[in-house]
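Read off the chains here:
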Amino acid sequence: MARKGLLKGLMEAPAEGNEAETRVDAAKPRYTSGAIGAVSQSIADLKARSLVEVDPRMIDNAGLRDRLDEDADITALVESIRDYGQQVPVLLRPNPNDPERYQVVYGRRRVAALKQLAQPVKAMVRVLDDRALVLAQGQENSARRDLSFIEKANFARQMRDAGYERKVICAALHMDKTLISRMLSVADRVPLSLIEAIGAAPGVGRDRWLGLAERIGARDLVADAKGETSDVRFDAVMAALKTPKPAAPAPRKLTTEDGKPLATLARKSGRLVVSVEAKDGFDEWLADHLTQLHRDWSQSSSE
């Protein structure tokens, strides 16, 4: 099926003329100079801003993964679109690998919902290279309040791993280098497997994620990410980090051969503390002979 058979312009199309004139083609104005060229470019820009309707079966995913819970609340979105229609258009680009198809720049959940409803997708179409696609995706994401801190951090990590410079990441997310660095610090120290096990955690902000990143070390906490919601799973992971310290062993009491108190041995902060209770000068003798006692022990232990 040719692309022209998939597009239905919502703006009034010319009654007559070549069918190619109905296609979205902002990159090829008819004139290139002078006043006529400017008018032609304006018309081309208007076409690029117009909406078209596209069969959702002809739309593929592209760009980076922005949501950790892509299927969350999709049922509610389907019901909303069924009742009120698609209120916000998505952005598509022609699929560079298949001229008969499109790729979604942003609006994946809307495309998925409309696919369930078997309804056409209202979309704007832009010819974008991969860099421009990711920039557009990131800028649209940064304007949305429903993306959580960790989702934005994971998006920044994907951009960096894909080879994008730090200034491009900042531009895509509308954030300064300091905040991007903090996001990447979290995304690097918290394993992706654990991030995915927890999910978006919309109620968990930057400070708590930083706290997790600082304390996790090399521990594998994926199995601890349990709960019905991602916020609950985050709390479960943090609780697993708060394992109680092992209790210090009880002090050891030593006596002489006739049962009189001799000394008490206790461990504090990993050190052995000896308290001599005998009042006959044994404490001074022990201090004077400690080196010899250690030598005797070393010789016996090496035999």
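Look up: the structure comes first, before these words.
Notes on the structure follow. Fair warning: this is a prediction, and the values are worked out from it, not measured in the lab. (Residues numbered from 1 in each chain as written. Predicted model: local features only at pLDDT ≥ 70, side-chain atom pairs only at ≥ 80, totals over all residues. Heavy atoms only, no water.)

**Considering the packing of aromatic side chains**
Using the criterion set out here, one finds two aromatic pairs in the structure. Geometrically, the ring pair formed by Phe282 and Trp285 is stacked, given 6.0 Å between the ring centres and 20° between the ring planes. With Phe282 and Trp285 both in helix H11 (residues 282-302) and three residues apart, the pair spans about one turn of that helix. Overall, Phe282 belongs to the partly exposed group, its relative accessible area being 26%. We classify Trp285 as partly exposed; its relative accessible area is 40%. (Phe/Tyr/Trp six-rings, centres within 6.5 Å; stacked < 30°, edge-to-face > 60°. Helix = DSSP H or I, 4+ residues; strand = E, 2+ residues; numbered from the N terminus. Buried < 20%, exposed > 50% of the residue type's maximum accessible area, 1.4 Å probe, protein only.)

**Some thoughts on the packing of helix H5 (residues 149-161) against helix H6 (residues 166-173)**
Between H5 and H6, the shortest axis-to-axis distance is 10 Å and the interhelical angle comes to 145°. The crossing of H5 and H6 is right-handed. In this structure, H5 uses Lys152, Phe155, Ala156, Met159 and Arg160 to contact H6, whose residues at the interface are Val168, Ile169, Ala172 and Leu173. Classifying every residue of the contact of H5 with H6 gives seven nonpolar, no polar and two charged. (Axes fitted to C-alpha atoms, helices over the stretch in contact; angles between N-to-C directions. Left-handed = near helix turned anticlockwise from the far one by under 90°. Contact = heavy atoms within 4.5 Å. Nonpolar A, V, L, I, M, F, W, Y, C, P; charged D, E, K, R; others polar.)

**Some words on the side chain of Ser230**
Relative to the assigned elements, Ser230 resides in helix H10 (residues 230-241). Residue Ser230 is classed as buried on the basis of its relative accessible area, which comes to 8%. A distance of 2.9 Å separates a polar side-chain atom of Ser230 from the backbone nitrogen of Ala201. (Polar contact = N/O pair within 3.5 Å; in protein donor to acceptor, adjacent residues only side chain to side chain.)

**A word on the pattern of salt bridges**
In total, this model carries eleven salt bridges according to the counting rule given. With its nearest N and O atoms 2.8 Å apart, the salt bridge here joins Arg160 to Asp188. One end of the pair, Arg160, is in helix H5; the other, Asp188, is in helix H7 (residues 177-189), and 28 residues separate them in sequence. The exposure class assigned to Arg160 is partly exposed, which follows from its relative accessible area of 27%. (Salt bridge = Lys/Arg side-chain N within 4 Å of Asp/Glu carboxyl O.)

**Here's the deal with H11**
The first and last C-alpha atoms of H11 sit 28 Å apart over 21 residues, in line with the 30 Å expected at 1.5 Å per residue. Maximum bend of H11: about 55°, positioned at His289. (Expected span 1.5 Å × (residues − 1). Bend = angle between axes of the 7 residues up to and from the residue.)

**What to know about the sheet that holds strand E3 (residues 90-94)**
One open sheet holds the five strands; their spatial order is E1-E5-E3-E4-E2, and the pairing between them is mixed. Looking at which strands have only one partner, the edges of the open sheet turn out to be strand E1 (52-54) and strand E2 (59-60). Relative to strand E4 (residues 102-106), E2 is paired through two bridges, and the arrangement is parallel. By the bridge assignment for E4, Asp60 is matched with Gln103. (Pairing = 2+ DSSP bridges.)

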